[in-house]
Amino acid sequence: MNLAFKDLRRQKARFGATALGLGLLFAVVLAMTGIYRGLVEDATLLVDRMGADIWVVQRDTRGPFAERSTVPPEWEERLMATKVVRSARSFSTASIQRTHKDRALRMTVVGLSWPGDRGQSLQMVRGRSLATAHRELIADLSLGLEPGELVTLGDETYMVVGLTKGMISSSGDGLLFATELDARTIINWQAPEARRLEREARLARLAHTELDSPLLEDRLRDERSVLPVLSPPPANAILLNLAPGMNAEEVALELNLSPDLSAYTTQGQRDLLLKGVVEKSRQQLGLFRAILSVVSGIVVSLIIYTMTVAKTHDIALLKLMGARVSVVVKLVTHQALLLGAIGYGFALFLSVVAFPHFPRRVVLGPAEYLSVGILILFLVLAASAAGIARALRIPATLILAG
Amino acid sequence: MEAIRAENLHKTYGEGSTEVKALRGVSVIAHSGEVVALLGPSGSGKSTLLTALGLLNPPEKGLIQLLGETVVQDGVEFGDLPALRRSRIGFVFQKSNLIPFLTAHENVRLALAINDMEGPETHARAQELLDYLGVGGRADHYPEQLSGGEQQRVAIARALAPRPPLILADEPTAALDSQRGRAVMELFRKVAQEQGTAVIVVTHDHRTLDIFDTIFEMEDGMITTAGEPAQV
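These numbers come from a predicted model, not from an experiment.

1. Remarks on the domain arrangement of chain A
Residues and elements named next belong to chain A.
1) Next: Segmenting chain A into domains produces domain 1 (3–43 + 279–401) and domain 2 (45–277).
2) Next: Inter-centroid distance (C-alpha atoms) of domain 1 to domain 2 is 49 Å.
3) Next: On the domain 2 side, the residues contacting the seven residues of domain 1 number 11 residues.
4) Next: Element by element, the count of residues in the side of domain 1 that touches domain 2 is highest for helix H2 (residues 12–50), at four residues.
5) Next: In terms of residue class, the side of domain 1 that touches domain 2 is made up of two nonpolar, no polar and five charged.

Quick look at the structure:
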């Protein structure tokens, strides 16, 4: 005879409400765990997705994600000239905010190395990859854009041709993919007035030099010229794929001997992101998760303890009848386990139904579900211990006291 | 056959100025099939004697034997007292003390379950006892759905379930009107006669004394009178 279930049978509503309340608490623990992992995945998504062996950035910067880095796109040819490099491509990314259809559209623009990379390896949920070198975009679903939708960014209008899902930057913004050249144009775009002022400033600086170059002056005055005029828009990094058999660590060390560039392996980039950009957020989330676990433990303990106190008379009666300690222990433990199981089930349900609508990506895999499940099991058993300790202190003679 | 023998029991609560001698050399014997009453005013030691006989509160001095087997002697316990309680002693209280989240049938089966008896035969045994005590039709009702008299009948069925040789009842009719109180006492008589169980009842109700075989009257922790109803 399972006394725990028989007891719950008589107070389904009360027990159900308690379990659902606990489920909400467990759901928050689960969400924190998922957000924690989401943060890590979002941070390293682009690094992993770009598939480079080495990231070459501006000297002494931790670019392109952890710190701003600008490199001349011509470095592509320079680095290709080394025999260890199989391919080199420039890479640009930046978070920008523009107004689209009267709403602020915040996104992280990422350049794809046309024509080799048209976004075909992206996980598309609708539409297609890029088919032309210009004015086509692939957007993440989180940006709220639709295939065929026209988006004006700077002086150009682009068409969204495909949608991805779950492509988020370390800052939590949805990714917007364009060809590398388009990405640079979007990222480096300046308002007309800003451009006019820069032209004026450059002309003024030119007047103070002894260059006396009418051609240069004409180019500066020509409004069709793109700023910064004297050079093409910079990229943020050059991505290298090495020739077969090359060791990325050794090549990066070799490249770092150059006075004007810094080179990181993909793992180096991941470390920069995880130990730099998202480290504080990770610590904060980790702390929240720890605090929530403690709070959950206290709440579960109080609930189990209160449920045990409410059964003081029944437990005293069982003891008076000579029931073994195991009967009392099972009564407390089974209820605690059932409470934890229902609460966890409700948390799982919420994770499927509600978490996808969270502003930050919540990434939960078997490891996260298992770890939270084990945590809940531990909390519930620890809480049972408090209830059992209380139950074992109840004297059988309490019954005779009336 | 002696169901229980208690000899020269002594029990003291507190010490110094707060010391109370609750039992002072009390001796009681109850045979199988016998119904015994413990009478006496409040504070006379009846409940202390009942808890001592029920192996809940062993005396510091004296002997207690169950079915001829010594279980407590001069404060030393022989054997597993909770195990003896669950298999050899049935308890009935002033209030029925049924488990509120179990039906009448389950309350009776509980006494069997804690003796490791499960299965269809326990269902049959519980129903048989409820029928025997006249509450078979209320088997699926929860205690709150039963009257006081019905609850006491279920409690007696529970006490009888593991077929204990001894039932201890602490003022079982105190919460009942006289008619229902007498009916419960007559049930004890019936149980003792038909099942061979020894029943010891602590009671204040002098109107039902004719039901008992032996009456022990207590005062100040001692037995002052002992004998058949006509002699007391």
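2. As for the environment of Thr93 of chain A
Residues and elements named next belong to chain A.
1) Next: Looking at where Thr93 falls in the secondary structure, it is placed in strand S3 (residues 93–100).
2) Next: For the pair Thr93 and Ala207, spaced 114 residues apart in sequence, the C-alpha separation works out to 35 Å.
3) Next: Beyond its immediate chain neighbours, meaning those up to four positions away, Thr93 contacts Leu46, Pro64, Thr108, Val109, Val110, Gly111 and Asn236.

3. A word on the nonpolar core
1) Next: Within the largest apolar cluster, 175 residues are counted, with the highest numbers of intra-cluster contacts made by Val56 of chain A together with Val199 of chain B.
2) Next: With 15 residues, H2 of chain A is the single largest residue contributor to this core.
3) Next: Looking at which domains feed residues into this core, each of domain 1 (3–43 + 279–401) and domain 2 (45–277) of chain A gives three or more.
4) Next: Not counting residues within four places of it along the chain, the set of residues in contact with Val56 of chain A comprises Val71, Trp75, Leu79, Ala237, Ile238, Leu240, Leu255, Leu261 and Ala263 of chain A.

4. Some points on the packing of helix H1 (residues 3–10) of chain A against helix H11 (residues 325–353) of chain A
Residue and element names in this part refer to chain A.
1) Next: Two numbers describe how H1 lies on H11: the axes approach to 8 Å, and their chain directions differ by 60 degrees. Comparing the axis directions of H1 and H11 gives the class oblique. By crossing handedness, the relation of H1 to H11 is classed as right-handed. Mapping the contact onto sequence places Leu3, Ala4, Phe5, Asp7 and Leu8 in H1 and Lys330, Leu331, His334, Gln335 and Leu338 in H11.
2) Next: Of the residues belonging to the contact of H1 with H11, the class tally is six nonpolar, two polar and two charged.

5. Thoughts on the pairing of strand S5 (residues 69–73) of chain B
All names here are of chain B.
1) Next: Where strand S4 (residues 61–66) meets S5, four bridges bridge the pair, whose relative direction is antiparallel. From the neighbouring strand, Gln65 faces S5, where its bridge partner is Thr70.
2) Next: Count of turn residues in the S4/S5 antiparallel hairpin: two residues, of which Leu67 carries a positive phi of about 50 degrees.
3) Next: Both S5 and strand S6 (residues 76–77) contribute to a ladder of two bridges, which runs antiparallel. Bridge pairing in S6 places Gln73 opposite Val76.

6. Describing the pairing of strand S10 (residues 214–219) of chain B
Residue and element names in this part refer to chain B.
1) Next: Taken together, the four bridges between strand S3 (residues 35–39) and S10 define a ladder with parallel strand orientation. When the bridges of S10 are listed, Leu38 appears paired with Phe216.
2) Next: Judged from the five bridges that link them, S10 and strand S11 (residues 222–227) form a sheet pairing that is antiparallel. From the neighbouring strand, Ile215 faces S11, where its bridge partner is Gly227.

7. Considerations on the sheet that holds strand S10 (residues 237–242) of chain A
All names here are of chain A.
1) Next: The strand order across the open sheet formed by four strands is S2-S10-S1-S11, and the pairing between neighbours is antiparallel. The sheet is open, and its two borders are formed by strand S2 (85–91) and strand S11 (261–265), each paired with just one other strand. The average angle at which neighbouring strand axes cross in this sheet is 25 degrees, direction not considered.
2) Next: By the bridge criterion, five bridges tie strand S1 (residues 54–58) to S11 in an arrangement that is antiparallel. Each residue of the ladder has a partner; that of Gln58, found in S11, is Leu261.
3) Next: Across the face of the sheet, helix H7 (residues 248–255) comes into contact with S1, S10 and S11 while running at roughly 170 degrees to S11.

8. Focus: the packing of H11 of chain A against helix H12 (residues 366–393) of chain A
For any two helices packed against each other, the geometry comes down to the angle between their axes and how far apart the axes lie.
Residues and elements named next belong to chain A.
1) Next: H12 packs onto H11 with a crossing angle of 150 degrees between their chain directions and a minimal axis gap of 9 Å. Crossing geometry of H11 relative to H12 is assigned as right-handed. Every residue of H12 that contacts H11 at Val325, Val328, Val329, Val332, Thr333, Ala336, Leu337, Leu339, Gly340 and Tyr344 is listed here: Gly373, Ile376, Leu377, Val380, Ala383, Ser384, Gly387, Ile388, Ala391 and Leu392.
2) Next: The residue makeup of the contact of H11 with H12, split by class, is 15 nonpolar, five polar and no charged.

9. So, unusual backbone geometry
1) Next: Backbone torsion omega between Trp114 of chain A and Pro115 of chain A reads 0 degrees, so that peptide bond is classified as cis.
2) Next: In this fold, Pro115 of chain A is placed in the loop between strand S4 (103–112) and strand S5 (124–127).
3) Next: Residue Leu67 of chain B is not a glycine yet carries a positive backbone phi of 50 degrees.
4) Next: You can see Leu67 of chain B is positioned in the loop between S4 and S5.
5) Next: On the neighbour-count criterion, Leu67 of chain B (16 C-beta atoms within 10 Å) is partly exposed.

10. Considerations on H7 of chain A
Residues and elements named next belong to chain A.
1) Next: The set of residues buried in H7 consists of Ala248, Val251 and Ala252. End-on, the buried residues of H7 take up no more than an arc of 100 degrees, which puts them together on one face. Facing away from the buried side of H7 by more than 90 degrees, the exposed set consists of Glu250 and Leu253.
2) Next: Where the residues of H7 are buried, they touch S1, S10, S11 and helix H8 (266–277).

11. Notes on the confidence of the model for chain B
Residues and elements named next belong to chain B.
1) Next: Taken residue by residue, chain B gives an average pLDDT of 87. The fraction at 70 or more is 99%.
2) Next: Mean pLDDT across the elements of chain B bottoms out in helix H6 (residues 178–195) (82) and peaks in helix H3 (residues 104–113) (92).
3) Next: Two summary scores accompany this predicted model of the complex, namely pTM at 0.71 and ipTM at 0.84.

Definitions and limits used
Residues numbered from 1 in each chain as written. Chains lettered and ligands numbered in written order. Predicted model: local features only at pLDDT ≥ 70, side-chain atom pairs only at ≥ 80, totals over all residues. Domains from an automatic or database assignment. Contact = placed C-beta atoms within 7 Å. Helix = DSSP H or I, 4+ residues; strand = E, 2+ residues; numbered from the N terminus. Nonpolar A, V, L, I, M, F, W, Y, C, P; charged D, E, K, R; others polar. Core = buried A, V, L, I, M, F, W, Y, C linked by C-beta atoms within 7 Å. Buried ≥ 20, exposed ≤ 12 C-beta atoms within 10 Å, placed from the backbone. Axes fitted to C-alpha atoms, helices over the stretch in contact; angles between N-to-C directions. Parallel < 35°, antiparallel > 145°, perpendicular 65-115°, else oblique. Left-handed = near helix turned anticlockwise from the far one by under 90°. Pairing = 2+ DSSP bridges. Arc of directions from axis to C-beta. pLDDT = per-residue confidence, 0-100.

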